[in-house]
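Structural description and commentary
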Amino acid sequence: MTEPTAYGTLETIDGRSALRFERTLAHPIERVWRAASVPAELERWFPAAVDWTPEVGETFEAAGATLEVTEVDAPHRLAWVYAGQPQSFELTTQEGGCRLIFTHVIDDPALAAQTATGWETYLSRLEPHLVGEHLSEEAAHEQWAEIHERYAERFGVDPTPGRRFAAALRQVT
């Protein structure tokens, strides 16, 4: 078994806690933009696909909350607010590919480890998607517990909420 990864950092943006994930991808910025903005591609690796254009001002109801697209600067930045929490993809060209930065401003820092682990597992599905492969949600989540413990320790948060969340998920499946 490979060592679980934990690339995210916990930062502060405008006085709010934010998770930030940075990946260097060996793919052109336009390819990664499509993977992040085209619904048929997004649904292959992201936790929830939305049927968006995307255009500034578009709104959707998803899982009982509203998503509003707030910024589109193709192929460099796509930002939205979901359930009051800003999220974004930022892409920059670099030699041999591009850099992706995903940011999620969170309301409850106590859930930082749990939320970061979720994003870590979904972002781990992007690279296989970009090369034409598919990493299932189940396979991506295999090391959820280990990754969560790393984030809880790194962020200095109580791991109990994330452990309860994982236990509840195991009971459902």
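What comes next is a walk through the structure. Note on numbering: residues in each chain are counted from 1, in written sequence order. Reporting in this predicted model follows two pLDDT cut-offs: at least 70 for local features of residues, and 80 or more for side-chain atom pairs to be given and counted; totals over whole chains, interfaces and linings ignore these cut-offs and use all residues. With hydrogens and water excluded, all non-hydrogen atoms of the structure serve as input to the side-chain values.

Section: the overall build of the protein
Only DSSP runs of H or I reaching four residues or more are called helices, and only runs of E reaching two or more are called strands; each is numbered from the N terminus. Along the protein, the regular secondary structure elements total seven helices and seven strands. To get the radius of gyration, use the C-alpha atoms; to get the globule rule, take the number of residues to the power 0.38 and multiply by 2.2 Å. Scaling as 2.2 N^0.38, a compact globule of 173 residues should have a C-alpha radius of gyration of about 16 Å, and the protein matches this with 16 Å. Along the longest, intermediate and shortest principal axes, the C-alpha atoms of the protein span 40 × 35 × 30 Å. Each residue is placed in one exposure class: buried if its accessible area under a 1.4 Å probe, protein chains only, is under 20% of its type's maximum, exposed if it is over 50%, and partly exposed if it falls in between. Scored against the burial criterion, the 173 residues of the protein give a buried share of 44%. Contact definition: two residues touch when any of their heavy atoms are within 4.5 Å. Here the analysis covers contacts within the protein between residues at least 6 apart in sequence; of these, 52% occur between residues at least 24 apart. Element-wise, carbon and sulfur atoms account for 51% of the exposed surface of the protein, whose accessible area totals about 9100 Å². Between the centroid of the 14 positive side chains of the protein and the centroid of its 28 negative side chains there is a distance of 5 Å. Computed by Shrake-Rupley with a 1.4 Å probe, the accessible areas treat only the displayed protein chains as cover when residues are assessed. In this count, Lys and Arg are taken as positive residues and Asp and Glu as negative ones, while His and the chain termini are left out. Every charge is mapped onto a representative atom, which is NZ of Lys, CZ of Arg, CG of Asp or CD of Glu.

As for the nonpolar core
Of all hydrophobic cores here, the largest spans 36 residues; its most connected members are Trp52 and Phe89. Apart from the residues within four sequence positions on either side, Trp52 is in contact with Ala36, Ser37, Pro39, Leu42, Glu58, Phe60, Leu67, Val69, Leu78 and Trp80. The term nonpolar core refers to a set of buried residues drawn from Ala, Val, Leu, Ile, Met, Phe, Trp, Tyr and Cys, joined through side-chain atoms within 4.5 Å.

Details of the packing of aromatic side chains
Note on aromatic pairs: the rings of Phe, Tyr and Trp (six-membered ring only in Trp) are paired at centre separations within 6.5 Å, and the planes decide the class, stacked below 30 degrees, edge-to-face beyond 60, tilted for the rest. For the coordinates displayed, the defined rule picks out 14 aromatic pairs. Here the aromatic rings of Phe21 and Phe102 are separated by 6.4 Å at their centres, their planes lie at 35°, and the arrangement is tilted. On the criterion of sequence distance, the pair formed by Phe21 in strand β2 (residues 16-25) and Phe102 in strand β7 (residues 97-105) is long-range, its members being 81 residues apart. Residue Phe102 is classed as buried on the basis of its relative accessible area of 0%. Aromatic side chains Trp80 and Phe102 sit 6.4 Å apart centroid to centroid with 35° between the ring planes, which places their arrangement in the tilted category. Of this pair, Trp80 sits in strand β5 (residues 77-82) while Phe102 is found in strand β7, placing the two residues 22 residues apart along the sequence. Taken together, the ring pairs in this structure connect Phe21, Trp45, Phe46, Trp52, Trp80, Phe89, Phe102 and Trp119 into an aromatic cluster.

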